[in-house]
Amino acid sequence: MVSNNLFLEILLILIKIAVVLGIVLLHAAYTVYAERKIIGRMQARLGPTEVGPYGLLQPIADLLKLLTKEDIIPLEAERLIFLVAPLIVLTFAIVNLSVIPFHPSFIIADVNIGILLILAGASLAVYGIILGGWSSGSKYSLLGGLRSAAQVLSYEIPLGMSLAGVILAAESFKLSDIVNHQAQSFFGMNAIPQILGFIVFLICAFAETNRAPFDLPEAESELVAGYVTEYSGFRMGMFFLAEYISIYVMSLLIVHCYFGGWTLPGWLLTIFPPLKFVPAPLILLIKVYFFVFLFIWVRATYPRYRFDQLMSMCWKILIPVSLLNFLIVAFLKRGGF
Amino acid sequence: MARPLFMSIFLLLFLALFLLLFRQKKVVYQFLVYLVMMVLLGIVYLFLGSEFLMAFQIIVYAGAILVMFLFFLYLYPEEEFKIQDMRNSTLIKTLIPSLLFVITLILILFTFDVREYEASASVYSVKELAKLIYNQYPLAIFLLAFILTYPMIAIYLLMKGSESDD
């Protein structure tokens, strides 16, 4: 009886993993298409149009191309690390999805320290980039890897500190508890009372995913393609896949921590009562899509930062602001809000 | 039944990696083995029921401090330093005390009655946790805060210094 229950439990977890992976991988592939289309329109171009109707089969064509391309390993490369590095990045990007709830009753691992595990996963993923950069045996790749290490390490501090405000408000490290706390709060979301924390988190999310305007580790005008320079074929594809999965992880985190996850604010439901009938996963999906769109929009709009500007913004502006946000939350909490 | 079995596997893996660490000549590979050991140690903490310690072991040690080592290693100009060709006598001198330490640690975890840490409600309540830390360990927290603030001030001063040099 016990073994049957254990077997069913394992089977259920495996099914959940398969569902989440399937949905996220499909989303990651089509986000590339959406990015090319949206940026194309913003730059008065059409984007992909040739493969399938409206270019909808372009991601599949890209995938086939990447899988069938020759896997080139440079002579100067440290072979073992060079081969493993993309896997490290991809694995930790996927692992983060396991502690994020997609519905009140749909989560792979409902652990008490969900937020801390995501921070741990993010801090380990950077090894893949640094090691990939070093093992390529190229100066461009090495510099890209080092830039990435400095950037991610610096931005993890304000990211963690802005999350401290959210944790303090909800008095829990569990993402589902954080969402429930926001649903019961006056504003219905953390983004209003913790506007400073939200802005800091949003900026750090761009830096953590190495996206424009913080894409210095792979700045093509300075470092060819940074740590990806020597990679080709499906290994290069793994780096890009990890980047797009990270965008979804960060968007989900923003939505869960600052925009009430799958819930809508009480005041909004009072103004538009029919919104009560919108299913929870749809609410979550729309909010996440908005932030994914924001990632793309920002890439098309802002120029890249200089490295010293990036560092100085983190240490001189974001860290003090996130500390201030934490103090404000502490005072609000003390005042009974 | 499954918990002690998995813990034994992880501890044996820990020992195997420890021996592998001494077999590596390239410092980068030594570093990588060490990194995996740090993550494994985190997993052992998890088996002992201390989730917080596991998270901080990975975030602070594996995620931040070891990255600094790697950074230093890549920027260090002398390539000879990066390949350690130890003599046998030196290797034995280094290996024996470290091995004794690791085996003692593993023996303690196996033979003594190391009970699973019983997570009380205070562990998962931020308010209770804060009460415990600030009322019972204020000095330790003060020292920790001072130690953590010190490098931040040092970095700021270094940046100011480099700006004025420019």
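Preceding block: the structure.
Report follows, based on the coordinates.

Calculation notes
- Residues numbered from 1 in each chain as written.
- Chains lettered and ligands numbered in written order.
- Predicted model: local features only at pLDDT ≥ 70, side-chain atom pairs only at ≥ 80, totals over all residues.
- Heavy atoms only, no water.
- Salt bridge = Lys/Arg side-chain N within 4 Å of Asp/Glu carboxyl O.
- Helix = DSSP H or I, 4+ residues; strand = E, 2+ residues; numbered from the N terminus.
- Buried < 20%, exposed > 50% of the residue type's maximum accessible area, 1.4 Å probe, protein only.
- Axes fitted to C-alpha atoms, helices over the stretch in contact; angles between N-to-C directions.
- Parallel < 35°, antiparallel > 145°, perpendicular 65-115°, else oblique.
- Left-handed = near helix turned anticlockwise from the far one by under 90°.
- Contact = heavy atoms within 4.5 Å.
- Nonpolar A, V, L, I, M, F, W, Y, C, P; charged D, E, K, R; others polar.
- Core = buried A, V, L, I, M, F, W, Y, C linked by side-chain atoms within 4.5 Å.
- Expected span 1.5 Å × (residues − 1).
- Bend = angle between axes of the 7 residues up to and from the residue.
- Phe/Tyr/Trp six-rings, centres within 6.5 Å; stacked < 30°, edge-to-face > 60°.

Some details on the pattern of salt bridges
For the coordinates displayed, the defined rule picks out 8 salt bridges over all chains. Among the salt bridges present, the one from Arg299(A) reaches Glu35(A), with a minimum N-O distance of 2.8 Å. Taken together, the positions of Arg299(A) in helix H11 (residues 280–301) and Glu35(A) in helix H1 (residues 2–42) put the pair 264 residues apart, joining distant regions of the chain. According to the relative accessible area criterion, Glu35(A) is buried, its value standing at 3%. Lys26(B) is the partner of Glu78(A) in a salt bridge, and the nearest nitrogen-oxygen pair spans 2.9 Å. Taken together, the positions of Glu78(A) in the loop between helix H2 (58–68) and helix H3 (79–95) and Lys26(B) in the loop between helix H1 (2–23) and helix H2 (27–47) put the pair across two chains.

Considering the packing of H3(A) against helix H9 (residues 233–258) of chain A
Residue and element names in this part refer to chain A. Interaxial distance between H3 and H9 falls to 9 Å at its minimum, and their mutual angle equals 20 degrees. The orientation of H3 with respect to H9, classified from their angle, is roughly parallel. As for how H3 packs across H9, the hand of that crossing is left-handed. Where H3 approaches H9, its residues Leu 83, Ala 85, Pro 86, Leu 87, Val 89, Leu 90, Ala 93 and Ile 94 are matched on the opposing element by Arg 235, Met 238, Phe 239, Leu 241, Ala 242, Ile 245, Ser 246 and Val 249. Residues of the contact of H3 with H9, tallied by class, amount to 14 nonpolar, 1 polar and 1 charged.

A word on the side chain of Gln58(A)
Within the element layout of this structure, Gln58(A) appears in helix H2. Beyond its immediate stretch of four places on either side in the chain, Gln58(A) contacts Tyr33(A), Arg36(A), Pro48(A) and Val51(A).

Quick notes on the nonpolar core
All names here are of chain A. Ranked by internal contacts, the top residues of the largest apolar core, which has 105 residues, are Tyr 127 and Tyr 155. Looking at this core element by element, the count peaks at 15 residues for H9. Residues in contact with Tyr 155, not counting those within four places in the same chain, are Ile 203, Cys 204, Ala 207, Glu 208, Phe 214, Leu 310, Met 313, Cys 314 and Leu 318.

Some words on helix H3 (residues 51–75) of chain B
Look at H3(B): 35 Å from first C-alpha to last across 25 residues, which is about the 36 Å you get at 1.5 Å a residue. Along its length, H3(B) reaches its greatest deviation from straightness, about 30 degrees, at Leu66(B).

As for the packing of aromatic side chains
Residues and elements named next belong to chain A. One pass over the structure, following the stated rule, counts 16 aromatic pairs over all chains. Geometrically, the ring pair formed by Phe 290 and Phe 291 is edge-to-face, given 5.2 Å between the ring centres and 80 degrees between the ring planes. On the accessibility criterion, Phe 290 (44% relative accessible area) is partly exposed. Between Phe 293 and Trp 297, the ring centres sit 5.6 Å apart and the planes meet at 35 degrees, which makes this aromatic pair tilted. Taken together, the positions of Phe 293 and Trp 297, both in helix H11 and 4 residues apart, correspond to about one turn of that helix. Aromatic ring contacts, followed pair by pair, group Phe 198, Phe 201, Tyr 258, Phe 259, Phe 290 and Phe 291 into a single cluster.

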